[in-house]
Amino acid sequence: MILMEGASHSSLTTLDHRWPVERYVRRFRTKLLDRTTGRRAHTKLSAERIRTFATTETLRYIDRIPAAVSASLPQSSGFSDDYVELLGWFWTEGDIRLSRGNPTTGVAIYQSHEANSSYVDRIRSCLSSQFGPAVLALSKQGDTVPRWRESVNGHKTEFFLNHVAGAQLLTHAPEKVVSPSFIAGLTANQLRLFVDTAVAADGSTDPFGHRAVAQNDPRRLEALQMACA
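Heads up: these notes are all about the structure in this document. Predicted model only: the values in this text are computed from it and were never measured.

### Let's talk about helix 2 (residues 117-131)
- The terminal C-alpha atoms of helix 2, which comprises 15 residues, lie 21 Å apart, in line with the 21 Å expected from a rise of 1.5 Å per residue.
- Taken as a whole, helix 2 has its buried residues at Tyr119, Val120, Ile123, Cys126, Leu127 and Phe131. End-on, the buried residues of helix 2 take up no more than an arc of 130 degrees, which puts them together on one face.
- A positive backbone phi angle near 85 degrees is found at Gly132, which sits one or two residues after helix 2.

### Concerning the packing of aromatic side chains
- One pass over the structure, following the stated rule, counts seven aromatic pairs.
- Geometrically, the ring pair formed by Tyr83 and Phe182 is edge-to-face, given 6.3 Å between the ring centres and 65 degrees between the ring planes. Here the residue Tyr83 occupies a position in helix 1 (residues 81-93), and Phe182 occupies one in helix 4 (residues 180-184), the gap between them amounting to 99 residues.
- Taking 5.3 Å as the distance between ring centres and 50 degrees as the angle between the ring planes, the aromatic pair formed by Trp89 and Tyr119 counts as tilted. With Trp89 in helix 1 and Tyr119 in helix 2, this pair connects stretches of sequence that are 30 residues apart.
- Judged by relative accessible area, Tyr119 falls into the buried class, the value being 19%.

### Considering the side chain of Ser112
- When you line up the elements, Ser112 lands in strand 6 (residues 102-112).
- For Ser112, a relative accessible area of 11% translates into the label buried.
- Engagement of the side chain of Ser112 in a polar contact is seen with the backbone nitrogen of Ala115, the distance being 3.0 Å.

### Description of the side chain of Glu93
- By the element assignment, Glu93 lies in helix 1.
- Buried charge without a salt bridge: Glu93, with Lys176 as the nearest opposite-charge side chain at an N-O distance of 7.6 Å.
- Of note is the side chain of Glu93, whose polar atom sits 3.2 Å from the side chain of Gln111.
- Setting aside chain neighbours within four positions, we find Glu93 in contact with Ala108, Ile109, Tyr110, Gln111, Ala201 and Asp202.

### A few points about unusual backbone geometry
- A positive phi is found at Arg100, a non-glycine position, where the angle reads about 55 degrees.
- Residue position: Arg100 is located in the loop between strand 5 (94-99) and strand 6.
- Positive phi, normally seen in glycine, also occurs at Glu175, with a value near 60 degrees.
- Within the element layout of this structure, Glu175 appears in the loop between helix 3 (163-172) and helix 4.

### Points about the nonpolar core
- Counting 38 residues, the largest nonpolar core has Phe90, Val178 and Ile183 as its most contacted members.
- Those elements that provide at least two residues to this core are helix 1, strand 6, helix 2, strand 8 (156-161), helix 3, helix 4, helix 5 (188-202) and helix 6 (222-228).
- Among the elements that make up this core, the one with the highest residue count is helix 5 (eight residues).
- Apart from the residues within four sequence positions on either side, Phe90 is in contact with Asp95, Ile96, Val107, Ala108, Ile109, Leu169, Leu170, Ala173 and Lys176.

About the cut-offs
- Residues take numbers from 1 onward in each chain, read along the sequence in its written order.
- For a predicted model such as this one, the threshold for reporting local features is a pLDDT of at least 70, and the threshold for listing and counting side-chain atom pairs is 80 or more; totals across whole chains, interfaces and linings nevertheless cover every residue.
- Side-chain measures were taken over the full set of non-hydrogen atoms in the model, leaving aside hydrogen atoms and water.
- By definition, any uninterrupted DSSP run of H or I lasting at least four residues is a helix, any uninterrupted run of E lasting at least two residues is a strand, and each is numbered from the N terminus.
- Helix span, as expected, comes to 1.5 Å for every residue beyond the first.
- Under the scheme applied here, a residue whose accessible area is under 20% of the maximum for its type counts as buried, over 50% as exposed, and between as partly exposed, the area being computed with a 1.4 Å probe on protein chains only.
- Throughout, the arc means that of the directions going from the helix axis to the C-beta atoms.
- Under the pairing criterion, centres of Phe, Tyr and Trp rings, with the six-membered ring standing for Trp, must be within 6.5 Å; the plane angle then separates stacked pairs below 30 degrees from edge-to-face pairs above 60, leaving the rest tilted.
- Whenever a nitrogen or oxygen atom comes within 3.5 Å of another N or O atom, the pair is scored as a polar contact, on the condition that within protein one atom can donate a hydrogen and the other can accept it, and that pairs from neighbouring residues in sequence are kept only if both atoms are in side chains.
- All tallies of charge rest on Lys and Arg as positive and Asp and Glu as negative; His and the ends of each chain are not included.
- Counted as salt bridges are all cases of a side-chain nitrogen of Lys or Arg within 4 Å of a carboxyl oxygen of Asp or Glu.
- Any pair of residues with heavy atoms lying within 4.5 Å of one another is described as a contacting pair.
- Buried residues of nine kinds, namely Ala, Val, Leu, Ile, Met, Phe, Trp, Tyr and Cys, make up a nonpolar core once their side-chain atoms join them within 4.5 Å.

None of this, on its own, says anything about what the molecule does.
Following this line, the structure appears as structure tokens:
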């Protein structure tokens, strides 16, 4: 294995590890000056960096390994904005319901109506848009239609989703870990919505506008990192 350390790079890889690189290429025009000796004159036409792949073994000292590049994002998505926001509220402020100590596909989302009444309104709006109006009670079993209900517990408003509605969210966020494939399918505006929702739910913004999000499970931050990138 090869260890590479630098001011902006640190990696330990096998020789056949593939890297996307920007490779410096110079192009010349040659002109034959002497047929006897084969002497030629070389005139440089251009120099540019092309995007290609290299392995650790074939890297050249002038190759650049990009830290980030502009992404080609989808222009349309298979998900509504309300669903993207709802999933954002679920992985940050949600919970997977238990039955006899075992996780189910029923889920809940909690928010303080005293501290963040506008967030409660947003969650309610997303649920209504995605699953229709709230119901008074959820069937414990046998329901085939996604439903949700709302209740108040002290300073918190609690939103409970039945196993059909919860299963939809868990498809894209099992164990509240949002899948990379879901993030990869979002438009630029939906990525911003996903990030903004995470900051609103589990984040903070300092006086300089710098934002941060905290989670007790590092796996759940990977989707946020991907969305930001």
